[in-house]
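# Topology and contacts: notes
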Amino acid sequence: MSENLQQQVQLAKQLDTNDFIKQFTLYAESSRQFILAAATTDQVYGQLNTFPKNMLLCPSLTRFPIWLEKYNEIQLVSGCITESVQGSLLIATDDESLYELKESFTRASIAALVVTLAFGLITGHFFSRQILRRINTFSAIAHKVELGELTARVPISNKNDEYDDMAQHINTMLSQLEDSFHAISGITDAIAHDLRTPLGHLRQQIEQTYLDAQHSPIEPDKLADMLIKLDEILNTFTAMLELTRLENNQQSLSFVEVDVHTLSQDAIELIEPVTEDNQQQLLFISEKNPSISGDATLLFRVIYNLLENASKYAGNSANIILELTESGFVVSDNGVGISDREKEKVFQRLYRVEQSRNIAGYGMGLSIVRAIVRLHGGEVTLQDNEPGLKVVVSFPTKI
């Protein structure tokens, strides 16, 4: 607007009053964008009959209403005045165009908001149905597991999203649960199978002793024999309870730096009478002395149990070797060994290979050995000694 006023100010300097008024009147009547008016000392020319009061000088704007005879209505405009040699000049513009622009913008914004909201609702409904469908799948699988169907698994899609990751974890948990259930069932079956016979024999012996006692006094040797059998059964249950405590880390431990060489010598000294009775050769190779932090009592038990197993199952006149390594120790013999398909099974509670069922024992030795070694962060592996068996016990090496 200021450019138009400046043009009129320059013309006012160049023209006399009459010519300027004529020129200004024609310009004001032809202008469609601006409202123009000029005020001399005695009259107002242009598109207004009077000047509004309290008008601000340009470039500041003043809002004021005007009467439009052409449309027979009042219109709100914004304008300012400036002074020229011919008098005061006023220029104003219609606020209605700005109002219409604002209304158009408002309508467009509302339309965009409605479209966005509708799109959001549709999209949200779609995704909520997808999410609900997958959640219902999780719920259905959980219900199947509750009914005892431990083989049920959550299906995994190709999306590789958070739900698939959750499904993978749930399936892993269900697999572990199924394995634990089968392990418990296997232990129960093993208890029923392996302890039924000695318990049955013990009952028959007690019953026969009871019948004999009606005719003659009970012989002490019979009672002692029954007590021995009963102690063997009780020791088996004690070993099972101890194994459970070891596997669940419920036993009080005292970890110190253990002298494996000394523990090995003590175990050999304790097992030597047994190996001598079996006419077995026992060799101790101690060129290395591993550094192990652990419970000395439990580690001694591991060494002794492995030597006892080797002496028990390798047979008479067998050679048994205890060798210390940088990470642990190895117990090997030249006996009958264990087949590959049974090398992992012998670590199960109460499991015994077929050829050893006529030898005293209930199959808990290797289970306890593995539990103690794993409690110390180590591992036990069985290997062929060609002939015989080699039991390798290794612990994490210190850096």
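The structure contained in this document is the topic of the report that follows.

How each quantity is defined
- Residues numbered from 1 in each chain as written.
- Predicted model: local features only at pLDDT ≥ 70, side-chain atom pairs only at ≥ 80, totals over all residues.
- Heavy atoms only, no water.
- Salt bridge = Lys/Arg side-chain N within 4 Å of Asp/Glu carboxyl O.
- Buried < 20%, exposed > 50% of the residue type's maximum accessible area, 1.4 Å probe, protein only.
- Helix = DSSP H or I, 4+ residues; strand = E, 2+ residues; numbered from the N terminus.
- Expected span 1.5 Å × (residues − 1).
- Bend = angle between axes of the 7 residues up to and from the residue.
- Contact = heavy atoms within 4.5 Å.
- Polar contact = N/O pair within 3.5 Å; in protein donor to acceptor, adjacent residues only side chain to side chain.
- Disulfide = S-S within 2.5 Å.
- Phe/Tyr/Trp six-rings, centres within 6.5 Å; stacked < 30°, edge-to-face > 60°.
- Lys NZ or Arg CZ within 6 Å of the ring centre and 35° of its normal.
- Axes fitted to C-alpha atoms, helices over the stretch in contact; angles between N-to-C directions.
- Left-handed = near helix turned anticlockwise from the far one by under 90°.
- Nonpolar A, V, L, I, M, F, W, Y, C, P; charged D, E, K, R; others polar.
- Core = buried A, V, L, I, M, F, W, Y, C linked by side-chain atoms within 4.5 Å.
- Pairing = 2+ DSSP bridges.

According to the stated counting rule, one finds seven salt bridges in the structure shown. E379 is the partner of R370 in a salt bridge, and the nearest nitrogen-oxygen pair spans 3.9 Å. Overall, E379 belongs to the partly exposed group, its relative accessible area being 29%. Across the salt bridge formed by R374 and E379, the nearest N and O atoms sit 3.3 Å from each other. Here the residues in one salt-bridge network are E344, R370, R374 and E379, joined through shared partners.

Attention now goes to helix α6 (residues 260–277). Its 18 residues place the ends of α6 26 Å apart at the C-alpha level, agreeing with the 26 Å of an ideal helix rising 1.5 Å per residue. The sharpest bend along α6 comes to roughly 45 degrees, located at I271, with the proline P273 sitting one to four residues further on. Looking at α6, one finds that the buried residues are V260, L263, S264, A267, I268, I271 and T275. Next to the buried residues of α6 lie β6 (256–259), β7 (281–285), β8 (291–294), α7 (296–313), β9 (319–324) and β10 (328–333). The opening residue of α6, the one whose side-chain oxygen lies 3.2 Å from the backbone nitrogen of H261, is D259. Q279 sits one or two positions beyond α6 and adopts a positive phi of about 55 degrees.

On inspection of all chains with the given rule, the structure shows one disulfide. Paired through a disulfide, C58 and C80 show a sulfur-sulfur distance of 1.8 Å. Disulfide C58-C80: torsion about the S-S bond near 85 degrees, hence right-handed. Taken together, the residues C58 in the loop between β2 (44–46) and β3 (62–68) and C80 in strand β4 (residues 73–84) connect sequence positions 22 residues apart. Overall, the relative accessible area of 26% leaves C58 in the partly exposed class.

Looking at the element boundaries, T62 is found in strand β3. Look at T62 and you get buried, because its relative accessible area is 13%. A distance of 3.1 Å separates the side chain of T62 from the backbone nitrogen of L56, its partner in a polar contact. Look past the residues within four positions of T62 in its chain and what remains in contact with it is N54, M55, L56, V77, S78 and G79.

Our focus in this paragraph is the packing of aromatic side chains. The full count for this structure, using the stated rule, is three aromatic pairs. When the centroid spacing of 6.3 Å and the interplanar angle of 15 degrees are considered together, the rings of F300 and Y304 count as stacked. Of this pair, F300 and Y304 both sit in helix α7, separated by four residues, roughly a single helical turn. On the basis of relative accessible area, F300 is assigned to the partly exposed category, the value being 23%. Stacked on the ring of F347, the Lys or Arg R370 has its end atom at 3.9 Å from the ring centre.

Before going further, it helps to examine the packing of α7 against helix α8 (residues 365–375). Where α7 contacts α8, the two axes come as close as 9 Å, and the packing angle between them is 145 degrees. Taken as a pair, α7 and α8 cross one another with a handedness that is left-handed. Taken together, the residues of α8 that come into contact with α7 (itself represented by L298, R301, V302, N305, L306 and N309) are G365, L366, I368, V369, I372, V373 and L375. Across the contact of α7 with α8, the residue classes tally to nine nonpolar, three polar and one charged.

Let us look at the side chain of S88. Checked against the element boundaries, S88 lands in strand β5 (residues 87–94). At a separation of 2.9 Å, a polar atom in the side chain of S88 contacts the side chain of E83.

Let's shift gears to the nonpolar core. Ranked by internal contacts, the top residues of the largest apolar core, which has 35 residues, are I303, L306, L307, F329 and V393. Mapped by element, the contributors of at least two residues to this core are α6, α7, β9, β10, α8, β11 (379–384) and β12 (389–394). Per element, the largest residue contribution to this core is eight residues, and it comes from α7. Each residue touching L306, except ones within four places of it in the same chain, is listed here: F329, V331, L366, V369, V391 and V393. Formed by 13 residues, the second largest nonpolar core is a distinct cluster that contains L5, I21, L36 and A38.

Another aspect to go through is the sheet that holds β10. In space, the five strands of this open sheet follow the order β7-β9-β10-β12-β11, with mixed pairing throughout. Whereas interior strands pair on both sides, the edge strands pair on one side only; in this sheet they are β7 and β11. Averaged over all pairs of adjacent strands, the angle between their axes in this sheet comes to 15 degrees, without regard to strand direction. Looking at chain direction, β9 and β10 are connected through five bridges and run antiparallel. Its bridge partner lying in β10, L324 is registered against F329. Along the sheet face, α7 touches β7, β9, β10 and β12 and points at about 10 degrees away from the line of β10. Of the strands in this sheet, β11 and β12 are in contact with α8, which crosses β11 at around 130 degrees.

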